[in-house]
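Examining the three-dimensional arrangement
Read off the chains here:
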Amino acid sequence: MHEVSKQTVETTQKHAQKSIEHSKDIQELGKSLETNDQIEPEQKERIKAAGETMHKHAQKFQDLTDRLTEDPSVELYSEVVTEHIEVNKAHIKAIEEFQKKQPPA
């Protein structure tokens, strides 16, 4: 059976923690936009939803990473990587929404 190295597990754990922190930042950004009149309500909701999705996947990423200490299998690591990808997808979606230009008034 193939296993991931202890160094990879440790690096992955640190990265998962950073993903949790970053997802909280995105959620806070979404909350701070609630009072911004220059952004449409639907866009605010999409940003907020992307932050929530990012946090959900970041939490799963961290939970799976924590399991790697007991089970450093390649199969579990593959699940970890999949969750990391989902975190990044949600992050990209939030950024894309935030960067959308408002139509001229």
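Read on for a plain summary of the structure. Quick caveat, the model's predicted, so the values are computed rather than measured.

Here we take up the overall build of the protein chain. When helices and strands are tallied, the protein chain shows three helices and zero strands. In the protein chain, the succession of helices and strands from N to C terminus is α-α-α. The C-alpha radius of gyration of the protein chain comes to 17 Å, more than 25% above the 13 Å expected for a compact globule of 105 residues. Taking the principal axes of its C-alpha atoms as reference, the protein chain extends roughly 60 × 20 × 15 Å. Scored against the burial criterion, the 105 residues of the protein chain give a buried share of 33%. Carbon and sulfur atoms provide 51% of the accessible area of the protein chain, an area that totals close to 7,100 Å². Each charge sign in the protein chain was given a centre, from 15 positive and 21 negative side chains, and these centres are 3 Å apart.

What follows is about helix α3 (residues 74-99). Taking 1.5 Å as the rise per residue, α3 with 26 residues should run 38 Å; its terminal C-alpha atoms sit 37 Å apart, in good agreement. Among all positions in α3, only Leu76, Val80, Glu83, Val87, Ala90, His91, Ala94 and Glu97 are buried. On its buried side, α3 packs onto α1 (6-32) and α2 (41-67).

So, on to the packing of α2 against α3. At a minimum axis separation of 8 Å, α2 and α3 run at an interaxial angle of 165 degrees. Here α2 is positioned roughly antiparallel relative to α3, judged by the angle of their axes. Here the hand of the crossing between α2 and α3 comes out left-handed. Grouping the amino acids of the contact of α2 with α3 by side-chain chemistry returns 12 nonpolar, six polar and eight charged.

For the rest of this paragraph, the subject is the packing of α1 against α2. It is at 8 Å that the axes of α1 and α2 come closest, and there the two elements cross at 160 degrees. Considered as vectors, α1 and α2 are oriented roughly antiparallel to each other. In the crossing of α1 with α2, the sense of the turn from one axis to the other is left-handed. Within the contact of α1 with α2, the residues separate by chemical class into eight nonpolar, 14 polar and three charged.

Calculation criteria
As a convention, each chain's residues are numbered from 1 in the sequence order in which they are written. Owing to the predicted nature of the model, reporting of local features is limited to residues with pLDDT of at least 70; listing and counting of side-chain atom pairs is limited to 80 or more, with chain, interface and lining totals taken over all residues. Hydrogens and water are ignored here; the side-chain numbers use all heavy atoms of the structure. By the criteria applied, helices consist of DSSP H or I runs no shorter than four residues and strands consist of E runs no shorter than two, each listed in order from the N terminus. The atom set for the radius of gyration is the C-alpha atoms, and the globule formula is 2.2 Å times the number of residues raised to the power 0.38. Each residue is assigned to one of three classes by its accessible area relative to the maximum for its type, calculated with a 1.4 Å probe on protein chains only: buried under 20%, partly exposed between the two thresholds, exposed over 50%. Surface accessibility follows the Shrake-Rupley procedure with a 1.4 Å probe radius. Residue values consider only the protein chains on display as shielding. Working convention for charge: Lys and Arg count positive, Asp and Glu count negative, and His plus the chain ends are omitted. Each charge is placed at NZ for Lys, CZ for Arg, CG for Asp and CD for Glu. Given the number of residues in a helix, its expected span is that number minus one, multiplied by 1.5 Å. Contacts between residues were defined by any pair of non-hydrogen atoms, one from each residue, lying within 4.5 Å. Axis definition: a line fitted to C-alpha atoms, limited for helices to the stretch in contact. Angles are taken between N-to-C directions and run from 0 to 180 degrees. What sets the label is the angle itself: under 35 degrees gives roughly parallel, over 145 gives roughly antiparallel, 65 to 115 gives roughly perpendicular, and the rest give oblique. Two helices cross in a left-handed way if the nearer one is turned anticlockwise from the farther one by less than a right angle. They cross in a right-handed way if the turn is clockwise. Residues are sorted three ways: Asp, Glu, Lys and Arg are charged, Ala, Val, Leu, Ile, Met, Phe, Trp, Tyr, Cys and Pro are nonpolar, and all the rest, Gly among them, are polar.

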